[in-house]
Amino acid sequence: MRKQIAAANWKMNLTYQEGEKLLDDIFDAGTSLAPHQHAIFAVPYPYLIMTRSEVAEEFNYHVAAQNCHHKKSGAYTGEVSVDMLQSIGVHYCIVGHSERREYNAETNAMLADKVNLCQENGITPIFCCGEPLDIREAGTQNEFVAAQLRESLFHLPAARIKGIIIAYEPIWAIGTGRTASTAQAQEMHHFLRSVIADHYGKDIADEIPILYGGSVKANNAEELFSSPDVDGGLVGGASLVAADFTAIISALK
Ligand code: 13P
C-alpha cells in the first residue's frame, strides 16, 4: 500500500515550551502507526533538534523543516541551508508552501533548485502545490497546478520523482475553514496522479503519496482520507491541538 501520511505544519506558532508539551501530549496519547503510516512534524527551525529527539523514540514519527534555502551555502544572512538540516538529522522538508510562494516570492524554478538540494542530501521534499481562489473560480485549476509540478519536479529522473511527497493545498482552503469537498480533493489528486503517470508511467505515479491540505480538521479527516487518491493530510491549525492532531493521525487509511 502507498504510504499514508499525517503531516503537521506548525507554521510560525507556539513557543519552544508549548511545542514540547504538544509533542508530549500527542505521544502520551499513544497513537501507534501501522508500517505504511507516517506522522511528520514540520516545526520552526529552533525546535528541530528537540523534535528530532522526541520522535526518535516513536515508530514512524518524523521531523521536517518548513523551508530551506535554494542555494547550497553563502552570504544569505538569516537563511538555513539543506546541508545544515542534513547535519542535524532532518530527513523531510516542506518545499513551496503557498505562504512562502506569496510572501517570499518563491518561484517554480527556485523550488526546483530546493528539490534538487534536498534530494542530494537525503531529505525528502514535501512539495506543495495549489491554486488561488480566482483560478478555481475561472475553472483553470488543473492547468495551474499541473504547471507547478512540471516546472519544479519534472526535470527529475524517474528514480528521484519516486522520492517526493506531494501536498495539494488549494489556497482558498488554507486557514479559512473552507475545506475542499471530498469530491474536489479526490478529483484534483486523481488528476495530479494522471499528470505524473503521463510523464513517468502509472507504476511510478501510483507510488507517490499525495496529501491534501487546507482546513483539515479532526471531524473531516476521515472522510477526506477515505478517497482513493488522498494519502493523508498536511495540517496547519488543527495540528496545534494534541487531541485534534491525534484524531487526524488515527483517520489515516
Ligand atoms: P490549515 O490546516 O490551517 O488550513 O493550514 C493548511 C496548511 O497550510 C498546511 O500547510
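Computed from a predicted model, the values in this text were never measured in an experiment. (Residues numbered from 1 in each chain as written. Predicted model: local features only at pLDDT ≥ 70, side-chain atom pairs only at ≥ 80, totals over all residues. Heavy atoms only, no water.)

Student: Help me understand the nonpolar core in this model?
Tutor: The tendency in soluble globular proteins is for nonpolar side chains to be buried side by side. Ranked by internal contacts, the top residues of the largest apolar core, which has 69 residues, are F41 and L153. Looking at which element gives the most residues to this core, the answer is helix α9 (residues 182–200), with six residues. Among residues more than four places away in sequence, those in contact with F41 are A8, W10, L23, I26, F27, T51, V55, Y61, H62, V63, A64 and F245. Formed by 13 residues, the second largest nonpolar core is a distinct cluster that contains A7, I40, I126 and C128. (Core = buried A, V, L, I, M, F, W, Y, C linked by side-chain atoms within 4.5 Å. Buried < 20%, exposed > 50% of the residue type's maximum accessible area, 1.4 Å probe, protein only. Helix = DSSP H or I, 4+ residues; strand = E, 2+ residues; numbered from the N terminus. Contact = heavy atoms within 4.5 Å.)

Student: Looking at this structure, how should I read the site of the ligand?
Tutor: Near the ligand there are 13 residues, and of these K11, H97, G175, S215 and G237 occur at the shortest range. For the ligand, an oxygen atom lies 2.8 Å from a polar atom in the side chain of K11. Within the side chain of H97, an N or O atom sits 2.8 Å from an oxygen atom of the ligand. Protein chains bury 96% of the 310 Å² of accessible surface belonging to the ligand in isolation. For the shell around the ligand, the per-class residue count stands at four nonpolar, seven polar and two charged. (Near = heavy atom within 4 Å. Polar contact = N/O pair within 3.5 Å; in protein donor to acceptor, adjacent residues only side chain to side chain. Areas by Shrake-Rupley, 256 points an atom, 1.4 Å probe, with all protein chains shown as cover. Nonpolar A, V, L, I, M, F, W, Y, C, P; charged D, E, K, R; others polar.)

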